[in-house]
Each structure stands twice: as structure tokens, then as C-alpha cells.
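# Observations on the model geometry
The lines below spell out each chain.
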Amino acid sequence: MSQKQILLNAFNMNCVGHIHHGMWTHPDDRSVDFNSLTYWLDLARLLERGLFDGLFIADILGVYDVYQQGIGLTASESIQLPVNDPLMLISGMASVTQHLGFGVTANLSYEAPYPFARRFSTLDHLTQGRIGWNIVTGYLDSAARAMGQRQLQDHDRRYDQADEFLDVAYQLWEGSWQDDALQADKAKRLYADASRIHAINHQGEFYQVQGYHLSSPSPQRTPLLFQAGSSTRGVQFAARHAECSFVNAASPAVMREQSTRLRQAAVAAGRQADDLRIFMGVSVIVASTEREAQEKHRSYLEYASPEAGIAHFSSSIGLDLAAFGLDEPIQSGDTRAIESVSKAFSGWTRRRLLEQHAMGSRYPLIVGNPSQVADALIEWIDEGGIDGFNLTRILNPQSYRDFIDLVVPELQQRGRYKTAYQPGSLRQKLFQQQDRLPDRHPAARWRPAKNIR
């Protein structure tokens, strides 16, 4: 029986401070150059050299203003502020790569599905089928207020809206244009056959959309669908829609429970267990020897900001952690923010959170030589029942360069990482199937019959 090969995304954001807060102050970190296109082109070339499956770009709307009830620390430590639009980066990076995929976060709560569908179809065309959408509904009250709302919509209600948004988008991506609508026949002066282009007419609770999709069918039609959410409602949503799910856990055993739950939910929704590719976030500090890696780790701790880490965390759970004593148990209660995170850390103390955020992040950290790192990654894959990782940047781009130069060859030697890209779209690369969604996905119900005239 062949061993599962590891899938790998670089986890990044169009900002200075993403996950490992405070590391922007390190002399070898380039993240302050994020406003430069060259910065992103260099990163894309580096990741393709390392045969990364994709660059997964996080995003938020709103600011982290819960901790200390303001943005003082958020601004001084650049805790995802300023943050630029991630979609603007994709065409440039696609132009200097041939295979690297792009998973882009976009918050549907403040989007209109009609123009949104066109933006992603455009990117799918320009990348030749290498675009994915990380579906989020938002978790910041500050974003809701900025968009003219009194407060963030209830957690489960946001998912109700997301279900309907996806149904509208599927109608546009999958149902509006037949495959043979585009003719581009100069002799007949027939670019597109109107009889094969169909208007959608959606009248729902959240959206009313009547019209034709503005883009012709792109290589994937529907972009590859990412989603992160471990709450009961989030799992239900993932089971119906997601192709790639982003989850985290404290141990491989707990991760196994989560991955099993997700796959069982997908089967219950009429799909197959292997219709999901499950990724976890991980951080790696690697050097040629274990001693060098541990020394590197100790030196990094001097630059990291644990307080900035829990300021970020405060907004994740919608609770001002600065209001608690160091050893006072934290009780979050009901929240409109990230429900699964809030429940997982209820009862912790601020001191314990600061210790956990020593590197400015709560993500699992692997420190060691290439063999030790490979061992740890393989354990997460085999024991946790997952498919790959979203690899965070501690130093950008040094963290990725170290991983590519030291860990990738070790994994390749063990037969656990590809030695070359396969052809095809992002969906085809990850699933070894077709460019487009399989017929068992709910989007397929909107496809027109092939004999429609």
C-alpha cells in the first residue's frame, strides 16, 4: 500500500503581522515590504521551486479592537493592520508561475454574489484554473459596524446566508453558460450562441438575482472551495460545500476525531469521504542539526510578542482578555465570534495563554532537524487522518526557504512529497480527477442539460 503524499500550502496574508506576531521586528524578516509586488512575485517563485500546492492567503475585514478596547497594540505591532486586498496579488503571481495554486480568502457576508462570481471567474481564466476561494463569513464586530450594521450577525445565521450565497454563485458559475456557448467563429461572426446562455432567477431570503453570468466558462467553473470552521454549523456547511477544510487540534489523536467527524458529515450529505482534503496549520523551525534549530528558536523568542498574540486571540473569541487577571479563569460565554475557538479555550488563564503564545501564535510548532520535522509532519498525517498543512511564516521568506531546502528533500526521499507537479487545474492536482466539481457536489444540480436549446 502506497503512503499518502503530503499536500502543502504556504499560509500568508497581505499584511505585516499575520500569525507570529512581533516577528516583523526580526532583521531577516521582509514582511514590511508587503506593499511591493516584487515581494509577492519572489515568494511565488520560491514556493513553486518548493513544489508547494498553493499559497493560501488569509484576509479580514475590520480591525482587532477588542483587546484593551482599542487598536493601540494592533497598530503598534501591526496585528493584521494595515491589510490589503488579497485578490489584487493573484494575477501578478500567476504570471511568474505555471503550477502554484492560490487559495484566496473572501468574506461573503459583505459581498454581492453577482459581481463576486465574475471576479473569481476572471481569476480562474487568468490563472488557467489555479484559483481557490476560502469561504468565510467574518467574526469581527468592527467589520459589521464599518459596513453599516449595528453588530455582527449571529454565528449560525451567517452560515444560513452563506448557504444561499453559494447557491446563487453555483447558478452563475455552473448553470448560466453551457460548455458549447462560446464559439469564437470569425467566419460566421458568431462569438457566443445566445441560445446556450441562460439567465438565472434566484428569489431567496437574502438575495434576489436575475441575470446572466458575465464571464464565459472558466477552466474550473467553480473555484476550488476552501472552508475553515469546526463548530456544529461550520461542519454542516463544510460537509455540503467544502473541498478543502482547514482545521486545527492540539494533538494527532484529537485531529483524528475532527477529521473523522468532517468526513462522516460529507458522506451524510451525499458526498464521499475522500471528497475532502483536510489541512492543519503548522509552524516549523528547521536547521541542519537539532541544536541549531533549538538555538534559532530561542533567538526568535526575543522578537516575538505574546501579548500581540493574545490581542489577536481576544478578537477571535470576542472577549477583552486584558480585563482578566493573569491567573483568573477566562469564561467567554456566548459569542458571535469564532465559536469553536471560544469553547476550546474557555477556563484558561491569561498567563497560560501568554505561555502558549510565546511565539506570538497558538499554532503547533515543530522545531528540529530535517528528519525530526519530517517525522512530526508524517505523524500528524498518518495519525491525524489529514492530507496536508498550511505552513505559516515565522520569518518571510526565510521560513519557507528553510523548509524547501531542508525538509522537502527529506520528505521526497521518504516518498511522502512529490518530486514534480502534475498537469492540470488546482482541483485536478489535489484530487487527481477532473477540472470541475464532481456530479455528486451540490453545485452540479444547477448544470443545464446538455441538450438544452
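Structure: see above.
All figures in this text were calculated on a predicted structure; none of them were measured in a lab.

### Remarks on the nonpolar core
Phe 52, Met 93, Trp 133, Leu 377, Phe 389 and Phe 403 are the most contacted members of the largest nonpolar core, which has 82 residues in total. Residues contacting Phe 403, with those up to four places away along its chain left out, are Leu 8, Phe 52, Val 284, Val 286, Leu 377, Leu 391, Val 408 and Leu 411. Counting 38 residues, the second-largest nonpolar core is a separate cluster that includes Cys 15, Ile 79, Ala 144 and Ile 330.

### What about the environment of Asp 33?
Tracing the sequence through the fold places Asp 33 in the loop between strand E1 (7–13) and helix H1 (37–49). Taking relative accessible area as the criterion, Asp 33 reaches 33% and is therefore assigned partly exposed. Taking the C-alpha atoms as reference points, Asp 33 and Cys 15, 18 residues apart in sequence, are found 9.0 Å from one another.

### Thoughts on the packing of aromatic side chains
Note on aromatic pairs: each is described by the distance of the centres and the angle between the planes. Taken as a whole, this structure holds 17 aromatic pairs when the rule is applied. Here the aromatic rings of Phe 56 and Phe 246 are separated by 5.5 Å at their centres, their planes lie at 65°, and the arrangement is edge-to-face. Of this pair, Phe 56 sits in strand E2 (residues 54–58) while Phe 246 is found in strand E10 (residues 244–247), placing the two residues 190 residues apart along the sequence. The interplanar angle of 35° and the centroid separation of 4.9 Å between the aromatic rings of Phe 116 and Phe 120 together place this pair among those described as tilted. Of this pair, Phe 116 and Phe 120 both sit in helix H4 (residues 113–126), separated by four residues, roughly a single helical turn. Taken individually, Phe 116 and Phe 120 each receive the classification buried, so the pair is uniform in this respect. Grouping aromatic residues by their ring pairs yields a cluster made of Phe 116, Phe 120, Trp 133, Phe 165, Trp 173, Phe 206 and Tyr 207.

### Comments concerning the packing of helix H8 (residues 252–268) against helix H13 (residues 370–384)
Their axes nearest at 8 Å, the elements H8 and H13 cross at an angle of 45°. With respect to H13, the axis of H8 lies oblique. The hand of the H8/H13 crossing is right-handed. The residues of H13 that touch H8, namely those facing Pro 252, Met 255, Arg 256 and Ser 259, are Glu 379, Trp 380, Asp 382, Glu 383 and Gly 384.

### Focus on the packing of H13 against helix H14 (residues 398–413)
Put simply, H13 and H14 touch, their axes get as near as 9 Å, and they point 65° apart. The hand of the H13/H14 crossing is right-handed. Each of Pro 370, Ser 371, Val 373, Ala 374, Leu 377 and Ile 378 in H13 lies in contact with H14, whose residues at this interface are Phe 403, Leu 406, Val 407, Glu 410 and Leu 411. Across the contact of H13 with H14, the residue classes break down as nine nonpolar, one polar and one charged.

### Remarks on H4
With 14 residues, H4 should reach 20 Å at 1.5 Å per residue; the first-to-last C-alpha distance of 20 Å fits that figure. For H4, the set of buried residues is Pro 113, Phe 116, Ala 117, Phe 120, Ser 121, Leu 123 and Asp 124. In an axial view of H4, the angular spread of the buried residues amounts to 160°, which keeps them on one side of the axis. Phi turns positive, to about 60°, at Gln 128, one or two residues after H4.

About the thresholds
- Residues numbered from 1 in each chain as written.
- Predicted model: local features only at pLDDT ≥ 70, side-chain atom pairs only at ≥ 80, totals over all residues.
- Heavy atoms only, no water.
- Core = buried A, V, L, I, M, F, W, Y, C linked by side-chain atoms within 4.5 Å.
- Buried < 20%, exposed > 50% of the residue type's maximum accessible area, 1.4 Å probe, protein only.
- Contact = heavy atoms within 4.5 Å.
- Helix = DSSP H or I, 4+ residues; strand = E, 2+ residues; numbered from the N terminus.
- Phe/Tyr/Trp six-rings, centres within 6.5 Å; stacked < 30°, edge-to-face > 60°.
- Axes fitted to C-alpha atoms, helices over the stretch in contact; angles between N-to-C directions.
- Parallel < 35°, antiparallel > 145°, perpendicular 65-115°, else oblique.
- Left-handed = near helix turned anticlockwise from the far one by under 90°.
- Nonpolar A, V, L, I, M, F, W, Y, C, P; charged D, E, K, R; others polar.
- Expected span 1.5 Å × (residues − 1).
- Arc of directions from axis to C-beta.

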